[in-house]
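For reference, the chains in residue letters:
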2 protein chains.
Amino acid sequence: MSYKTYFSSHREAQLEELMQWLRIPSISAISAHAEDVQTAASWLADTLRRGGLENVEIMPTGGHPVVYADYIHAPGKPTVLVYGHYDVQPVDPLNLWQTPPFEPQIREGKLYARGATDDKGQVFIHIKAIEAILREEGTLPVNLKLCLEGEEEIGSPHLPEFLETHKDKLSCDAVLVSDTSLLEPGRPAICTGLRGLCSMEVSVQTANTDLHSGTYGGAVPNALHALVELLASLHDADGRVAVDGFYEGVPELSPLMREEFAKQGVEEDKIRDSLGLDALYGEKGYTFVERVGARPTLELNGVYGGFQGEGTKTVIPKEAHAKITCRLVGEQDPQKTLDRIEKHLRDRVQSGARLNVKQIEQAFAFNIDPSHPILQKAADAYGRVYGTRALFTKDGGSIPIMAAFSRMLDAPVVLMGFGLDDENLHAPNEHFNLDNFDKGLLTVVEFLKSL
Amino acid sequence: MSYKTYFSSHREAQLEELMQWLRIPSISAISAHAEDVQTAASWLADTLRRGGLENVEIMPTGGHPVVYADYIHAPGKPTVLVYGHYDVQPVDPLNLWQTPPFEPQIREGKLYARGATDDKGQVFIHIKAIEAILREEGTLPVNLKLCLEGEEEIGSPHLPEFLETHKDKLSCDAVLVSDTSLLEPGRPAICTGLRGLCSMEVSVQTANTDLHSGTYGGAVPNALHALVELLASLHDADGRVAVDGFYEGVPELSPLMREEFAKQGVEEDKIRDSLGLDALYGEKGYTFVERVGARPTLELNGVYGGFQGEGTKTVIPKEAHAKITCRLVGEQDPQKTLDRIEKHLRDRVQSGARLNVKQIEQAFAFNIDPSHPILQKAADAYGRVYGTRALFTKDGGSIPIMAAFSRMLDAPVVLMGFGLDDENLHAPNEHFNLDNFDKGLLTVVEFLKSL
């Protein structure tokens, strides 16, 4: 039977199975969910076994485990390593979810759940595409390995060491990843660049206790004042990051690259309106696509201190906190970037306040040349299923481990994404358009068979 | 028997009784505690009745009720109105309390509980002093009225209207209030000035959903960036409030006033060290006492937005919030001040962000001439109990209703405080030094008998 028929007759059962997985709240960032992450790994291993994959293993790391599996029965054919992740983002603010994040629901052709698109839904496409080929043809057209991790959403802290240790086991001719997006519905894309990432937590401490603003106000340091002053100093009036040396290693945008970006035909007004914004905002002199695809950024992801309850509390808080992440491009060095931000803050901290900085994640940006034959075959596979060949794009997100994969395994990385940018990844009401689930299955089959 | 003997033989029972009251979590700022505030009012009314006061009433207002009582049996003698409050501040951060805020405990001569010093403990002094005179002498040396409210910690929103409505019922020759502090242990003070107060909540909204910092970072407004920029603009590099016209109505400090402040002999190094600070902080050109007693201030009491959990979340938050209060002096107009801050913020809000401002409390500053005879008698009463006459000071705190009392009832306001500045009012581990509870009882008896 055709793969189209195969997938349509198995669709209901497959979605039921995916929803089982989505019910497991495998939030890697929150230690209370450690056991759930483990459960999601076990579920994944069982599913791979049932799907016909071999040598399935839950391999320990310094943190959450890697689930490995393979099927090596195509001598002389290339070996493809599929990478993905089974951990998910935290879910707060919980009250903004229309249905609970871990009670998956299909509404109007979209599957709603935390992890639906990022990345359980997309990993599941590979599992079911492989299973389909095995069932229909009895074997695979390539040698296949899967390496599915549980710490992507916290910056893959243990994966580089894991790759180094298991270099031989994971050796391959190409890495295949689905954790990126189409340009828009019906317009597939292959991402040839991802931004790097670094992150830190910053806190300011002043007095040894919260103080009454009547008794002390105006005469003692306020941790919130000290913090907002520091945070406001991180950008200049033109939206540029004001940290000395921050832009070192950032490539200038050539006229040719600007043309490539312009080809995506992104309508800024449409984006602005869909986000309910009066205006977009960013570094002067760049378009939306250029800002996201080719420029680094420094974002405040969380700031908190003092009274957050209902009403007024006349308190001078003794501490205040901020969470900061940067997206990096080109050759920007994540460690140097963290050090520069830390120095910037230390140089400016208000008298009477003490600064604590905790550096956390680090990942270089990732780039690959679109003219590589395997990328061309991937674009063709999309073309046969979507009716339009994939464009080569650069994405603003980070899959921290991509640079490590391409460097350590010395293999091209093919980013075949099936998500959409408006699917609320990392936000309430994350969902996955099932039309791309269906097409994704066929595209992966087409791609594997074309190698 | 002497009052000293009387109070010492009743001490244990009185403290037990006070602790009953402190167990009621009458937090006026949090609507979930509305019933507790009501319970604290009923407890107070019952206690006043048992203490021998007459015409005890729980009088409704637009919010939490006022508890009224009187004892008018001294024709030809002055009428004293005692004002205080039975509501308390919120208690978070709860984890910093050594013992739970509503489970009072005496440790090393200090009574620990929310409200112990601000203001249940100090109100209780008046109740028990009056009860003692009634029991020992069968009547009071003055005519007495009590007006005890339940909304002081939220800025007494309904008391001005209440005073206006019940002007005749509350008419008096002096208002007596205990809600301020000694200079330090053994050094009593009568406060002749309090700062005014105004407060507002500010929020910034950007997109209609939280956004992924990879997909959008650098190209959309971030509510936290917009907010910290606004908040940082509220002060200049010298610690002065940078809002246009903010200092209108603030009296210049005369050399004479500076001498008066210097007399308090406050050692800045000692304050700095006791707060665990490397340095104090504030408007340039003023001492600690001057900053708190005679200068206005603008404080951030709370700031929050985005991810506050464990770990990293690469989110661009769609909203961010701040709570702001100002302490006002001299003739600074609270309404004008709020409008000026609002204008300052609106003029500066970042492109793509929307600002919401909610103005909340308003109160003028309060000032009284220390040469008034009743203030002199109060200072003498302290002298007889503490062995040292009270100094006349200015306090940085606000009792929003003091200006209204002196204006509407046309009577001098005597602020006889028995607290200490380091008793953690509005902070975790609030407590009341019982030595001042004991001396407070005697001082109030002395004062009432001297009129």
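Given the structure is predicted, the values throughout are model-derived calculations rather than measurements.

Taken together, the 90 residues of chain A in the interface contact 90 residues of chain B. Summed over both partners, the interface of chain A with chain B comes to about 7700 Å²; 52% of that surface belongs to carbon and sulfur atoms. Broken down residue by residue, the surface that chain A buries against chain B is led by Tyr281, Thr312 and Lys313 of chain A, which jointly contribute 9%. Inspection of the chain A/chain B interface yields two salt bridges. Where chain A meets chain B, there are 49 residue pairs in polar contact (both at pLDDT 80 or more). The greatest single-element share of the side of chain A that touches chain B, amounting to ten residues, is contributed by strand 11 (residues 297-306) of chain A. Among the residues forming the side of chain A that touches chain B, the class breakdown is 36 nonpolar, 36 polar and 18 charged.

Relating the two copies of this chain is a rotation about some axis coupled with a shift parallel to it. Between the two copies, chain A and chain B, the superposition gives an RMSD of 0.0 Å; the rotation angle is 180° and the shift along the axis is 0.0 Å. Taken together, the turn and the small shift mark the pair as related by a two-fold rotation axis. By C-alpha distance to the rotation axis, the residue of chain A lying nearest is Tyr304 of chain A, at 2.1 Å.

A separate point is the pairing of strand 1 (residues 54-59) of chain A. Residues and elements named next belong to chain A. As judged from the four bridges shared by strand 1 and strand 2 (residues 66-71), these two strands associate in the antiparallel manner. By the bridge assignment for strand 2, Glu54 is matched with Asp70. Adjacent in sequence and paired antiparallel, strand 1 and strand 2 are bridged by six residues.

What follows deals with the environment of His33 of chain A. Residue and element names in this part refer to chain A. Within the element layout of this structure, His33 appears in the loop between helix 1 (3-22) and helix 2 (34-50). Considering only alpha carbons, one finds His33 and Pro93, 60 residues apart in sequence, at a separation of 17 Å. Within the structure, the side chain of His33 is placed 2.8 Å from the side chain of Asp36, a separation counted as a polar contact.

How big an interface is tends to be stated in terms of accessible area lost as the parts join. Residues and elements named next belong to chain A. We note that the domain assignment places domain 1 (3-195 + 365-450) and domain 2 (196-250 + 296-363) within chain A. The distance between the C-alpha centroids of domain 1 and domain 2 comes to 35 Å. Opposite the ten residues of domain 1 that make contact, domain 2 presents nine residues. Buried surface at the junction of domain 1 and domain 2, summed over both partners, amounts to about 730 Å²; 54% is from carbon and sulfur atoms. For domain 1, the biggest contributors to the area lost against domain 2 are Arg195, Ala365 and Ser398; these three give 63% of the whole. Our count for the contact surface shared by domain 1 and domain 2 stands at zero salt bridges. Connecting domain 1 to domain 2 are three residue pairs in polar contact (both at pLDDT 80 or more). The residue makeup of the side of domain 1 that touches domain 2, split by class, is four nonpolar, four polar and two charged.

Our next topic: the sheet that holds strand 5 (residues 110-112) of chain B. Residues and elements named next belong to chain B. In spatial order, the strands read 4-5-18; together these three strands make up an open sheet with antiparallel pairing. Looking at strand neighbours, the two that pair on one side only are strand 4 (105-107) and strand 18 (431-433), the edges of this open sheet. Strand-to-strand twist across the sheet, computed as the mean angle between neighbouring axes with direction ignored, equals 25°. Bridging between strand 4 and strand 5 involves three bridges; their strand directions are antiparallel. Bridging across to strand 5, Gln105 finds its partner in Tyr112. On top of the sheet, helix 13 (residues 434-450) reaches strand 4, strand 5 and strand 18; it is set at about 60° to strand 18, its chief contact.

Enumeration over the complete set of coordinates arrives at 54 salt bridges over all chains. Across the pair Asp92 of chain B and Lys313 of chain A runs a salt bridge, and its minimum N-O distance is 3.9 Å. Of this pair, Asp92 of chain B sits in the loop between strand 3 (79-85) and strand 4 while Lys313 of chain A sits in the loop between strand 11 and strand 12 (315-316), placing the two residues on different chains. A salt bridge links Arg272 of chain B to Asp269 of chain B; the nearest nitrogen and oxygen atoms lie 3.8 Å apart. With Arg272 of chain B and Asp269 of chain B both in helix 8 (residues 268-274) and three residues apart, this pair spans about one turn of that helix. For Arg272 of chain B, a relative accessible area of 25% corresponds to the partly exposed category. For Asp269 of chain B, a relative accessible area of 49% gives the class partly exposed.

Summed over all chains, the structure comprises 20 aromatic pairs over all chains. Seen in terms of ring centroids, Tyr382 of chain B and Phe418 of chain B are 5.5 Å apart; in terms of plane orientation they differ by 45°. Their pairing is tilted. Of this pair, Tyr382 of chain B sits in helix 11 (residues 373-386) while Phe418 of chain B sits in the loop between strand 17 (413-416) and strand 18, placing them 36 residues apart in sequence. With respect to class, Tyr382 of chain B is no different from Phe418 of chain B; both count as buried. The rings of Tyr3, Tyr6 and Phe7 of chain A are connected pair by pair, giving a single aromatic cluster. Against the face of Tyr247 of chain A rests Arg240 of chain A, its NZ or CZ located 4.1 Å from the ring centre.

Moving on, we get to the side chain of Ser203 of chain B. Following the sequence through the fold, Ser203 of chain B ends up in strand 9 (residues 196-205). Residue Ser203 of chain B is classed as buried on the basis of its relative accessible area, which comes to 13%.

Parameters at a glance
Residues numbered from 1 in each chain as written. Chains lettered and ligands numbered in written order. Predicted model: local features only at pLDDT ≥ 70, side-chain atom pairs only at ≥ 80, totals over all residues. Heavy atoms only, no water. Contact = heavy atoms within 4.5 Å. Buried area = accessible area lost by both parts, 1.4 Å probe. Salt bridge = Lys/Arg side-chain N within 4 Å of Asp/Glu carboxyl O. Polar contact = N/O pair within 3.5 Å; in protein donor to acceptor, adjacent residues only side chain to side chain. Helix = DSSP H or I, 4+ residues; strand = E, 2+ residues; numbered from the N terminus. Nonpolar A, V, L, I, M, F, W, Y, C, P; charged D, E, K, R; others polar. Least-squares fit on C-alpha atoms with pLDDT ≥ 70 in both. Pairing = 2+ DSSP bridges. Domains from an automatic or database assignment. Axes fitted to C-alpha atoms, helices over the stretch in contact; angles between N-to-C directions. Buried < 20%, exposed > 50% of the residue type's maximum accessible area, 1.4 Å probe, protein only. Phe/Tyr/Trp six-rings, centres within 6.5 Å; stacked < 30°, edge-to-face > 60°. Lys NZ or Arg CZ within 6 Å of the ring centre and 35° of its normal.

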